[in-house]
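Now for the letters of each chain:
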Amino acid sequence: DAVPLPQAPPSAAEWTALATRMAANPWAQSWPLWLDTVHLQYTADAECPWWLWMEARAIPLAIAEADAWQLMAMAAGGSISIFGEWTGELLRPLTAWSNADRWAATGVVGDNA
């Protein structure tokens, strides 16, 4: 059975909402961010090997390796919707959806991931 995907806001609207949340509380360590139709990619970059691609943007991820491989398997090369915490530099994924499955992080990785 297909897992129904939550209705994500348009990407431009979500980035605008994120900027509003960041401006309202610039001292917070992270802010919620929900992205739709993104693709996960592994790179050879030792500092940040996991990235999301969305439109013309590359978004670095703070994710444990075991969680990243599980997320990659769930995505199965297709696009996913993802919700996480934006630190201003990295996205810490907390949950994600594809047309066929759901994924949830087993641990939260710090800024030094």
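Our subject is the structure that appears above.
Now for a quick tour of the structure. In this convention, every chain numbers its residues from 1, walking through the sequence in written order. Predicted model: local features are reported for residues with pLDDT of at least 70 only, side-chain atom pairs are reported and counted for 80 or more only, and whole-chain, interface and lining totals are derived from all residues. No hydrogens and no water enter the side-chain calculation; it runs on all heavy atoms of the structure.

**Notes on the pattern of salt bridges**
No. 1: The salt bridge definition used is simple: a Lys or Arg side-chain nitrogen within 4 Å of an Asp or Glu carboxyl oxygen. What the rule picks out here adds up to one salt bridge.
No. 2: Among the salt bridges present, the one from Arg-92 reaches Glu-85, with a minimum N-O distance of 3.4 Å.
No. 3: Throughout, exposure labels follow a simple rule: accessible area from a 1.4 Å probe, protein chains only, divided by the maximum for the residue type, with under 20% read as buried, over 50% as exposed, and the rest as partly exposed. By relative accessible area, which is 25% here, Glu-85 ends up partly exposed.

**Observations concerning helix α2 (residues 65-75)**
No. 1: Under the DSSP-based scheme used, a helix requires at least four consecutive residues in state H or I and a strand at least two consecutive residues in state E, with every element numbered from the N terminus. Listed in full, the buried residues belonging to α2 are Asp-67, Ala-68, Leu-71, Met-74 and Ala-75. Buried residues along α2 cover an arc of 125 degrees about the axis, so they all sit on one side. More than 90 degrees from the buried face of α2, the exposed residues found are Glu-65, Ala-66 and Ala-73.
No. 2: Ala-76 sits one or two positions beyond α2 and adopts a positive phi of about 50 degrees. Note that the arc is defined by the directions from the helix axis to the C-beta atoms.

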